[in-house]
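These are the residues of each chain, in order.
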Amino acid sequence: RRPDSLHHLPVHPLWQSPLTIPGGTRQSPINIQWRDSVYDPFLKPLKISYDPATCLHIWNNGYSFLVEFDDSTDRSIIDGGPLENQYRLKQFHFHWGAINDWGSEHTVDCKFYPAELHLVHWNAVVYPTFEEAVMEGDGLAVIGVFLKLGARHEGLQTLVDALPAVKHKDTVIEFDVFDPSCLMPSCPDYWTYAGSLTTPPLTESVTWIIKKQPIEVDEDQLEAFRMLLFTSDGEEEKRMVDNFRPLQPLMNRTVRSSFQ
Ligand SMILES: CC(C)NC[C@H](O)COc1ccc(S(N)(=O)=O)cc1
Ligand SMILES: [Zn+2]
């Protein structure tokens, strides 16, 4: 269900609830109830090694803006954590609200953050392409990082400065050096659970790794996200805001934590 506070807002077609897939048992996003998460001492530290030179471009795809990477080699990967293989970075993107009271996809103890970063990786050890990995239970690993209102984030600013060039849907600009590691919080702690893509095709192929500590961004940086458009140049302008999916039922899942 969309939070009551959101009821008065128009619903973007993509997130019309109930946006459920028949028979879905591991849908995302979910509320993470801190006290119900189970510490798993066998969870390893997450290893992240990104090569900033694998960055390709920024693309407004009409749902969010994606920073896409060259995933033809294993130059930008994650390993360890809950994962049995290493996974290759393909893209990262964000979800955010029209105002700071909401915007994240996952919630912690029912608290929304103003935005959430998703770094999308795929299991190139087992599957030949991203498109095939999207269809498999262990195909994808997405790192979720919450954004909270606070100090200006210098690493994010280089990205924010490029956003006016991708204001409209289906615009792309070259973005040839960016190290997404600068968007990681310093604390290693995370939650992990088995879930799905939060936009179509909504496939149940994602091992979610949600960082406990948010990163801080300032109001101007969040406002820069909100000046993007869902719509193409020449169409009636619709601001790109509230591009998050409603919370989904936990069903028969346990959220594990890497920390006590
Ligand atoms: C199947 C291929 C061709 N198209 C899939 C498309 O790229 C969607 O990919 C994604 C990738 C990540 C996410 S999220 N918000 O769960 O991190 C959602 C959709
Ligand atoms: Zn996402």
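The structure displayed is predicted, hence computed values, not measured ones. All chains use their own residue numbering, which begins from 1 and follows the written sequence. A letter from A marks each chain and a number from 1 marks each ligand, given out in the order of writing. Thresholds applied to this predicted model are a pLDDT of at least 70 for local features of residues and 80 or more for the giving and counting of side-chain atom pairs; totals over whole chains, interfaces and linings are not thresholded and use all residues. Each side-chain value is worked out from all heavy atoms of the structure, with water and hydrogens disregarded.

Trainee: Lay out the overall build of the protein chain in plain terms, naming residues and giving numbers.
Mentor: Counting from the N terminus, the helices are DSSP H or I runs at least four residues long and the strands are E runs at least two residues long. Regarding its fold elements, the protein chain presents three helices and 15 strands. In summary, the protein chain has a C-alpha radius of gyration of 17 Å against a globular reference of 18 Å for 260 residues, a match within 12%. The principal-axis extents of the C-alpha atoms in the protein chain amount to approximately 50 × 45 × 35 Å. Counting across all 260 residues of the protein chain, residues that qualify as buried make up 56%. What makes two residues a contact is simply this: any of their non-hydrogen atoms within 4.5 Å. For the protein chain, long-range pairs separated by at least 24 residues make up 73% of all intrachain contacts whose partners lie at least 6 apart in sequence. The accessible surface values rely on the Shrake-Rupley method and a 1.4 Å probe; as for residues, cover is taken only from the protein chains in view. Accessible surface, the protein chain as shown: approximately 11500 Å² in total, 53% of it carbon and sulfur. None of His or the chain ends enter the tally, which takes Lys and Arg as positive and Asp and Glu as negative. Charge coordinates come from a single atom per side chain, which is NZ of Lys, CZ of Arg, CG of Asp or CD of Glu. For the protein chain, the centre of its 22 positive side-chain charges and the centre of its 36 negative side-chain charges are spaced 5 Å apart. Radius of gyration: over C-alpha atoms. The globule rule applied is 2.2 Å multiplied by the number of residues raised to the 0.38 power. Note on classification: 1.4 Å probe, protein chains only; a residue is buried when its accessible area is under 20% of the maximum for its type, exposed when over 50%, partly exposed between these limits.

Trainee: Quick rundown of the environment of Ala141? Include the residues and the values.
Mentor: In this fold, Ala141 is placed in strand E10 (residues 140-149). Along the backbone, Ala141 and Ala194 are 53 residues apart, and their C-alpha atoms lie at a distance of 9.5 Å. Ignoring sequence-local partners within four residues, the contact set of Ala141 consists of Ile78, Leu83, Tyr87, Leu119, Val120, His121 and Thr207.

Trainee: An account of the site of ligand 1 is requested, with residue identities and associated values reported.
Mentor: For this description, a residue counts as near a given molecule or strand if any of its non-hydrogen atoms is within 4 Å of it. Around ligand 1, 15 residues are found, and the nearest of them are His93, His95, Leu197, Thr198 and Thr199. Here a polar contact is recorded for every N or O atom pair within 3.5 Å, except that within protein the pair must consist of a potential hydrogen donor and a potential acceptor, and residues adjacent in sequence are included only if both atoms are side-chain atoms. In this structure, Thr198 approaches ligand 1 through a side-chain N or O atom, which is 2.8 Å from a nitrogen atom. Protein chains bury 74% of the 490 Å² of accessible surface belonging to ligand 1 in isolation. Mapped onto the shell around ligand 1, the elements with two or more residues apiece are strand E7 (87-96), strand E9 (115-122) and helix H1 (130-133). Here the shell around ligand 1 takes three residues from E7, the largest share from any one element. For this scheme, ten residues count as nonpolar: Ala, Val, Leu, Ile, Met, Phe, Trp, Tyr, Cys and Pro. Four count as charged, namely Asp, Glu, Lys and Arg, and the remainder, Gly too, count as polar. Partitioned by chemical class, the residues of the shell around ligand 1 number seven nonpolar, six polar and two charged.

Trainee: Give a detailed account of the side chain of Asp189, specifying residues and quantitative values.
Mentor: Within the element layout of this structure, Asp189 appears in the loop between strand E11 (171-174) and strand E12 (190-195). Taking the relative accessible area as the measure of exposure, Asp189 reaches 15% and is therefore buried. Polar contacts involving the side chain of Asp189 include one to the side chain of Lys212, which spans 2.8 Å. Ignoring any residue separated from it by four or fewer positions in sequence, one finds Asp189 in contact with Lys211, Lys212, Ser258 and Phe259.

Trainee: Any details on the pairing of strand E5 (residues 65-69)? Residues and values, ideally.
Mentor: The element E5 is largely enclosed, with a buried count of five among its five residues. DSSP bridges decide pairing: two strands pair if at least two such bridges lie between them. Direction of pairing for strand E4 (residues 55-60) relative to E5: antiparallel, over a ladder of five bridges. Each residue of the ladder has a partner; that of Trp59, found in E5, is Leu66. Examined bridge by bridge, E5 and E7 share two bridges and lie antiparallel to one another.

Trainee: An account of the confidence of the model for the protein chain is requested, with residue identities and associated values reported.
Mentor: pLDDT measures how confident the predictor is about each residue, on a scale from 0 to 100. Overall, the prediction assigns the protein chain a mean pLDDT of 94, with 92% of residues at 70 or greater. Reported confidences for the modelled complex are a pTM of 0.94 and an ipTM of 0.95.

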